[in-house]
Amino acid sequence: MSCRALRRLRGEQRGQEPLGPADGEPVDPDTGGHSKLRAERGVSNLYELITNADDDVEERAPAERKVVGSRTKGQGLQEHECGKPEHNGHREEEEVADLEQVANNTQSDNKLKKKKKRKKSKKHTAGEPQGDVTVEDIDSILEKIESSSGLLFQSRSSSNTDCRPLLYVEHRNLNPETELKRYFGARAVLGDQRPRQKQRQYHRSTWLTTAKDTWPRYTKAGITMQLLETKGGVQFFTFEHHREYQHVQFKFLEAVESMDPNNIVLLLQMNPYHIDSLLQLSDVCRIQEDQEMARELIERALFSLECAFHPVFSLTSGSCRLDYRRAENRAFFLALFKHMIFLEKRGCSRTALEFCKLILSLDPEDDPLCLLLIIDFLSLRAREYLFLTRVFEEWETHRNLSQLPNFAFSVPLAYFFLSQQEDISETDLTNFQEKAAHLIQNALIMFPGVLMPLLDHCGVQPDSTVSSHSFFGLTAQISQPPALGQLIALYVGRTLSLWKDPAVMTWLEANVQQVLRMVDAQEPIVEECEKKRKIRYQSAPRNIYRHMILSEMKEAVAALPLEVTSQAVLGFDPLPPLDSIVSYTRPERTSHPSNESSLSLFFRSLLPNFNVQGELRPAAGEDADAGRDLNQGVNRLMAAMRDMLANIQFQEPPREDNPDADGDGDWD
């Protein structure tokens, strides 16, 4: 039996047999092949053959095929000459084993050759394009493949806005550090935080905010979220207050009525994650110009609310709803809105836009905080021009966004900024310029009262033909309805910095001159817009007033009507809805007799069971006896104090013998 057949029976592989003898030594029948192979290859060490196994297989395979062919031919000649084969059992077994081994080797050789060809082809395709194939051809091929499969080839700037839902929220964009790292780098943002992360205490991971080590240890605040119902793939949730949290809420209302912020501070020391207390105290810190503390209190409120989320509630799906009419849900809306304002003031406009989309997705139909008045500004600040134009195109038909001054002026401004980009084609450039000119002219005709306040705040002196024209003059501002004046004041005060660019002013001036020519020509669109202004904008809805109060814009707050400014506005719940849904009510406070003296009221504040007439409040058993003894003791104390006060006599101070003498004397 040959060595190959023996290795197959033993389960060994080629290369695992012991080293053969050196050249010149007798050849063992089991290992003689290796010595011969080393002699042929000129290799002194057998392990050098292992490193070139592929080359060894390629060189040995044709030789083995020749040997097999010669052996079969010789075997056939021998059978032909002798008439019968050799009757040697061992010899036949060796021949069969050799044939099987050679067949296996040839199959493995073919596989190795195929692998080598694949590797070479991969290297060839991964390298530079060869022949007539270029990078442009590859891009065109990819475009054809994507278009045939139903996917549109989009540029980097438009890929995030075209293929995703309109109010899609990304988790990574909710973190302001992501935006700050993009501007200033990770080292400037993180600073020395990295080596200290090993020593920080464990906090629950959240998406809205990041817990700080300086915050009190979080415990369940008594707030939970429940799933109310599911309709048409939309899930409706609500926050719920437990009984313990309701008692804390009643104490908070008493602290607010006391008009003393220190009472809220004391309440927060006992309940560090009470939401309304955090919101109210944040307003107090903001008024005192402690912006850092005000922002941190809002973040702590968001952290507490996120820890109470329902397992099914999602921030990014856009299918989760919260009803603002429920008092328990308003704190989440207000905390998100105030956090968004703080982010915009810090310069994190992209993160603020993501929070704006999140708030709008919670109730897109009613929009209780009127996010449509600020989403255009945040989009322009974040340079998300395509997102703003997409909002206008998709919602204009059923929401009439062009009837809001902010959208009427911000959308053409977005098209103008798109036309100023360098990496656009001539077709897109012409399209953007035409849309910008058409929309800004319609906006100036519909809202002529925006131009002069905008130029005044920007410090630009208008042309004499513009300032003296009746269409843009003082008459346009006086004749517009009060509600429209409030919207214009809000927009001008908020987007002032976007219009100060000299290129923007040049573009605006050219379109103003074109509008004046249209007005002088008495085109029909001018009269139509004038009728619309007189009919609409008679009174603003409640959510717009709520937005103006929360926006903290001086121009907008000054334009609020008297019926809004005359009522008390609380920071934790400004202008609650008139159709609020109340789940629990505050218990009525017990009234005390009005004929009690101030001294008895003082003792009652110290001793709640005190009764000057000796009447006992309902009690039973030992509590009633203890209350009776306490009241008797206090009555005796009161009687003793009355006697003492009645016997007090005041003596006049002694008079001097010489009243006319002056008070001059020597000072030691």
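Residues numbered from 1 in each chain as written. Predicted model: local features only at pLDDT ≥ 70, side-chain atom pairs only at ≥ 80, totals over all residues. Heavy atoms only, no water.

1. Overview of the overall build of the chain
The condition is simple: Secondary structure follows DSSP: runs of H or I at least 4 residues long count as helices, runs of E at least 2 residues long count as strands, and numbering of each begins at the N terminus. Using a 1.4 Å probe on the protein chains alone, a residue whose accessible area is under 20% of its type maximum counts as buried, one over 50% counts as exposed, and one in between counts as partly exposed. Residue contacts are counted whenever heavy atoms from the two residues lie within 4.5 Å of one another. Methods summary: accessible areas were calculated by the Shrake-Rupley approach with a probe of 1.4 Å, and residue burial reflects only the protein chains presented.
For the chain, the helix and strand inventory stands at 31 helices and 3 strands. Here the chain holds 668 residues, and the buried ones make up 40% of them. Within the chain, residue pairs in contact and separated by at least 24 positions form 69% of the contacts whose partners lie at least 6 positions apart. Accessible surface for the chain amounts to roughly 41200 Å². Of this, 51% is attributable to carbon and sulfur atoms.

2. Side note on the pattern of salt bridges
So the rule is basically this: Salt bridges are counted wherever a side-chain nitrogen of Lys or Arg sits within 4 Å of a carboxyl oxygen of Asp or Glu.
This model, assessed by the stated rule, comprises 21 salt bridges. Arginine 164 is the salt-bridge partner of glutamate 170, the closest N and O atoms lying 2.9 Å from each other. What makes arginine 164 partly exposed here is its relative accessible area of 25%. For lysine 357, the salt bridge is made with glutamate 354, and the minimal N-O distance between the two is 3.5 Å. Placement of the pair is lysine 357 and glutamate 354 together in helix α16 (residues 349–362), with a separation of 3 residues, close to one helical turn. Overlapping salt bridges bring together Asp283, Arg286, Lys338, Lys345 and Glu552 as one network.

3. Structural notes on the pairing of strand β2 (residues 234–241)
Short version of the rule: The rule for pairing is simple: two strands pair if DSSP sees at least two bridges between them.
Most of β2 is tucked away: 6 of the 8 residues are buried. Direction of pairing for strand β1 (residues 223–231) relative to β2: antiparallel, over a ladder of 8 bridges. Counterpart to lysine 231 in the pairing with β2 is valine 234.

4. Concerning the packing of helix α13 (residues 275–287) against helix α14 (residues 291–307)
Keep this limit in mind: Comment: axis = line fitted to C-alpha atoms, over the contacting stretch for helices; angle = value between 0 and 180 degrees taken between N-to-C directions. For classification purposes, an angle smaller than 35 degrees is called roughly parallel, one larger than 145 roughly antiparallel, one from 65 to 115 roughly perpendicular, and anything else oblique. Should the near helix be turned counterclockwise from the far one by less than a right angle, the crossing is left-handed, whereas a clockwise turn marks it as right-handed. Three categories are distinguished: nonpolar for Ala, Val, Leu, Ile, Met, Phe, Trp, Tyr, Cys and Pro, charged for Asp, Glu, Lys and Arg, and polar for the others, with Gly belonging to the last.
At their nearest, the axes of α13 and α14 sit 8 Å apart, and the two run at 165 degrees to each other. Taken together, α13 and α14 sit at an angle that is classed as roughly antiparallel. In terms of crossing hand, the pair formed by α13 and α14 is left-handed. Side by side, α13 and α14 meet where Ile275, Leu278, Leu279, Leu281, Ser282, Cys285 and Arg286 of the first sit next to Gln291, Met293, Ala294, Leu297, Ile298, Arg300, Ala301, Ser304 and Leu305 of the second. Along the lines of polarity and charge, the residues of the contact of α13 with α14 split into 11 nonpolar, 3 polar and 2 charged.

5. A look at the packing of aromatic side chains
Defined as follows: The aromatic pairing rule takes the rings of Phe, Tyr and Trp, using the six-membered ring of Trp, and pairs them if the centres are within 6.5 Å, calling planes under 30 degrees apart stacked, those over 60 edge-to-face and the rest tilted.
Considering all chains together, one arrives at 21 aromatic pairs under this definition. Between the aromatic rings of tyrosine 218 and tyrosine 273, the centroid separation amounts to 5.2 Å while the plane-to-plane angle is 80 degrees, which identifies the pairing as edge-to-face. Taken as a pair, tyrosine 218 in the loop between α10 (193–196) and β1 and tyrosine 273 in the loop between α12 (261–270) and α13 lie far apart in primary sequence, 55 residues in all. Since its relative accessible area comes to 28%, tyrosine 218 is described here as partly exposed. Look at tyrosine 273 and you get buried, because its relative accessible area is 4%. Judged by centre distance (6.1 Å) and plane angle (40 degrees), the ring pair of tyrosine 415 and phenylalanine 432 falls under tilted. Taken together, the positions of tyrosine 415 in helix α19 (residues 405–419) and phenylalanine 432 in helix α20 (residues 426–446) put the pair 17 residues apart, joining distant regions of the chain. Of the two residues, tyrosine 415 and phenylalanine 432, neither departs from the other in class, the shared state being buried. Joined through ring pairs, the aromatic side chains of Phe237, Phe239, Phe309, Phe313 and Phe332 make up one cluster.

6. Remarks on the side chain of lysine 338
Position of lysine 338 among the secondary structure elements: in helix α15 (residues 327–345). Sequence-distant contacts of lysine 338, defined by excluding residues within four places in its chain, comprise Leu279, Asp283, Ile298, Leu550 and Gly571.

7. So, the packing of α19 against α20
Two quantities define a packed helix pair, namely the angle between the helix axes and the distance between the axes. Orientation of α19 relative to α20, taken along the N-to-C sense of each, is 155 degrees, at an axis distance of 8 Å. Regarding the angle of α19 to α20, the classification is roughly antiparallel. Along this stretch, α19 crosses α20, giving a crossing that reads as left-handed. Side by side, α19 and α20 meet where Ala408, Phe409, Val411, Pro412, Tyr415, Phe416, Leu418 and Ser419 of the first sit next to Leu429, Phe432, Gln433, Lys435, Ala436, Leu439, Ile440, Ala443 and Leu444 of the second. In terms of residue class, the contact of α19 with α20 is made up of 14 nonpolar, 2 polar and 1 charged.

8. Digging into the environment of histidine 242
Going by this rule: Counting of polar contacts relies on pairs of N or O atoms within 3.5 Å, with two restrictions inside protein: one atom must be capable of donating a hydrogen and the other of accepting it, and residues adjacent in sequence are counted only when both atoms are side-chain atoms.
Secondary-structure assignment places histidine 242 in the loop between β2 and α11 (243–257). As a C-alpha pair, histidine 242 and alanine 221 span 21 residues in sequence and 8.9 Å in three-dimensional space. A distance of 3.4 Å separates a polar atom in the side chain of histidine 242 from a polar atom in the side chain of threonine 224.

9. Concerning the sheet that holds strand β3 (residues 320–322)
By definition, the strands of a sheet pair up through backbone hydrogen bonds, in either a parallel or an antiparallel sense. Taken in spatial order, the 3 strands line up as β1-β2-β3 in an open sheet, and their pairing is mixed. The sheet is open, and its two borders are formed by β1 and β3, each paired with just one other strand. Here the strands of the sheet are splayed against their neighbours by 35 degrees on average, with no regard to which way each runs.

10. Quick word on α16
To be explicit about the condition: A helix is expected to span 1.5 Å for every residue after the first.
Relative to the 20 Å expected for 14 residues at 1.5 Å per residue, α16 spans 20 Å between its end C-alpha atoms, a close match to the ideal helical length. α16 sits mainly inside the fold: 14 of its 14 residues count as buried.

11. Notes on the nonpolar core
Condition: As used here, the term nonpolar core means buried Ala, Val, Leu, Ile, Met, Phe, Trp, Tyr and Cys residues forming a set that is joined through side-chain atoms within 4.5 Å. A domain assignment, automatic or from a database, supplies the domain bounds used here.
In terms of nonpolar packing, the biggest core is built from 136 residues, with Leu208, Phe332, Met340, Phe407, Phe409 and Trp499 touching the most fellow members. A total of 11 residues in this core trace back to one element, the largest contributor, which is α15. In terms of domain composition, this core takes at least three residues from each of domain 1 (165–185 + 206–369 + 567–586) and domain 2 (385–540).

12. Regarding α13
For an α-helix, the turn length of 3.6 residues means that residues three or four places apart are oriented alike. The terminal C-alpha atoms of α13, which comprises 13 residues, lie 19 Å apart, in line with the 18 Å expected from a rise of 1.5 Å per residue. Where burial is concerned, most of α13 is hidden: 11 out of the 13 residues are buried. Burial in α13 covers these residues: Ile275, Asp276, Ser277, Leu278, Leu279, Gln280, Leu281, Ser282, Asp283, Val284 and Cys285. Taken together, the buried residues of α13 touch β1, α11, α12, α14 and α15. Just downstream of α13, glutamate 289 is the residue with a positive phi angle, here 65 degrees.

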